[in-house]
Amino acid sequence: MNPNRYPIYRDTEALLLWLKPVVASLPKLLDNQAIGKRLINSVLDALEAIVFAGQQPDTPKLRLEYILLFEAKMANAKTAMRLLTEDRAVSLRKETQFLERLAAIGEATGRWHKKTASLAANVSNSIGQG
């Protein structure tokens, strides 16, 4: 599976590349560095979830579980960014840019989630009728 065929993967990877210098410029306080690391790891974990979701073309229920994992990891990333902004380690401008990128990814993920949930329901219904 080529993950680059998924716009969500490409957009999330672009977010990760955007985040790297933001996290690298964090104050060297242990709390900020730990939260920054968690932010990067959450986005990396989200990328991994997309790869796993893409490897489940014939099992929409399992694909949906990976989409839900992706959404949870991105929620973790959003929380980490909010904490860094509240601590004034990241500017409001950077947080706004992050949230705009995240919103675009979230819209695409929402569509993928809805489509996959519908497919999973259809598979469950067809199994129940068989």
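Here the structure is a predicted model, which means the values were calculated and not measured.

Q: Can you explain helix H1 (residues 7-24)? Please cite residues and give values.
A: Counted at 1.5 Å a residue, the expected span for H1 with its 18 residues is 26 Å, and the 26 Å between its end C-alpha atoms agrees. Buried residues of H1: Ile 8, Tyr 9, Thr 12, Leu 15, Leu 16, Trp 18, Leu 19, Val 22 and Val 23, and no others.

Q: Pulling in residues and values, what's your account of the nonpolar core?
A: The biggest cluster of nonpolar side chains holds 33 residues, and the ones touching the most others in it are Leu 15, Leu 19, Leu 39, Phe 70 and Phe 98. Here this core gets nine residues from one element, more than from any other, and that element is helix H2 (residues 30-54). For Leu 15, the residues in contact, after removing those within four places along its chain, are Val 43, Met 74, Phe 98, Arg 101, Leu 102 and Ile 105.

Q: Could you give me a rundown of the packing of H2 against helix H3 (residues 60-86), with the residues and numbers involved?
A: The contact between H2 and H3 brings their axes to 8 Å, and the two run at 160 degrees. Classed by the angle they form, the pair H2 and H3 counts as roughly antiparallel. In this structure, the crossing between H2 and H3 has a hand that is left-handed. When the residues that make up the contact of H2 with H3 are grouped by side-chain class, the tally is 18 nonpolar, four polar and four charged.

Q: Describe the environment of Leu 15, with residues and values.
A: Structurally, the position occupied by Leu 15 is in helix H1. Looking at Leu 15, the relative accessible area reads 1%, which means it is buried. For the pair Leu 15 and Leu 69, spaced 54 residues apart in sequence, the C-alpha to C-alpha distance is 18 Å.

Q: Before we move on, can you summarise the environment of Asn 41 with the specific residues and values?
A: As for its position among the elements, Asn 41 is in helix H2. For the pair formed by Asn 41 and Lys 73, sequence separation is 32 residues and the distance between their alpha carbons is 8.9 Å.

Q: Now, about the pattern of salt bridges: what can you tell me, with residues and values included?
A: In this structure the tally under the stated criterion is two salt bridges. The closest approach of N and O atoms between Arg 82 and Glu 86, which form a salt bridge, is 3.2 Å. Residue Arg 82 and its partner Glu 86 are both found in helix H3; the two are separated by four residues, about one turn of the helix. On the basis of relative accessible area, Arg 82 is assigned to the partly exposed category, the value being 39%. Here Glu 86 falls in the exposed class, since its relative accessible area comes to 52%.

Q: An account of the packing of H1 against H3 is needed here, citing residue identities and associated values.
A: Their axes nearest at 14 Å, the elements H1 and H3 cross at an angle of 25 degrees. Of the possible angle classes, the one that applies to H1 and H3 is roughly parallel. The handedness of the crossing between H1 and H3 is left-handed. Between H1 and H3, the contacting residues are Ile 8, Thr 12, Leu 15, Trp 18 and Leu 19 on the first element and Phe 70, Met 74 and Met 81 on the second. Among the residues making up the contact of H1 with H3, the classes are represented as seven nonpolar, one polar and no charged.

About the cut-offs
Residues numbered from 1 in each chain as written. Predicted model: local features only at pLDDT ≥ 70, side-chain atom pairs only at ≥ 80, totals over all residues. Heavy atoms only, no water. Helix = DSSP H or I, 4+ residues; strand = E, 2+ residues; numbered from the N terminus. Expected span 1.5 Å × (residues − 1). Buried < 20%, exposed > 50% of the residue type's maximum accessible area, 1.4 Å probe, protein only. Core = buried A, V, L, I, M, F, W, Y, C linked by side-chain atoms within 4.5 Å. Contact = heavy atoms within 4.5 Å. Axes fitted to C-alpha atoms, helices over the stretch in contact; angles between N-to-C directions. Parallel < 35°, antiparallel > 145°, perpendicular 65-115°, else oblique. Left-handed = near helix turned anticlockwise from the far one by under 90°. Nonpolar A, V, L, I, M, F, W, Y, C, P; charged D, E, K, R; others polar. Salt bridge = Lys/Arg side-chain N within 4 Å of Asp/Glu carboxyl O.

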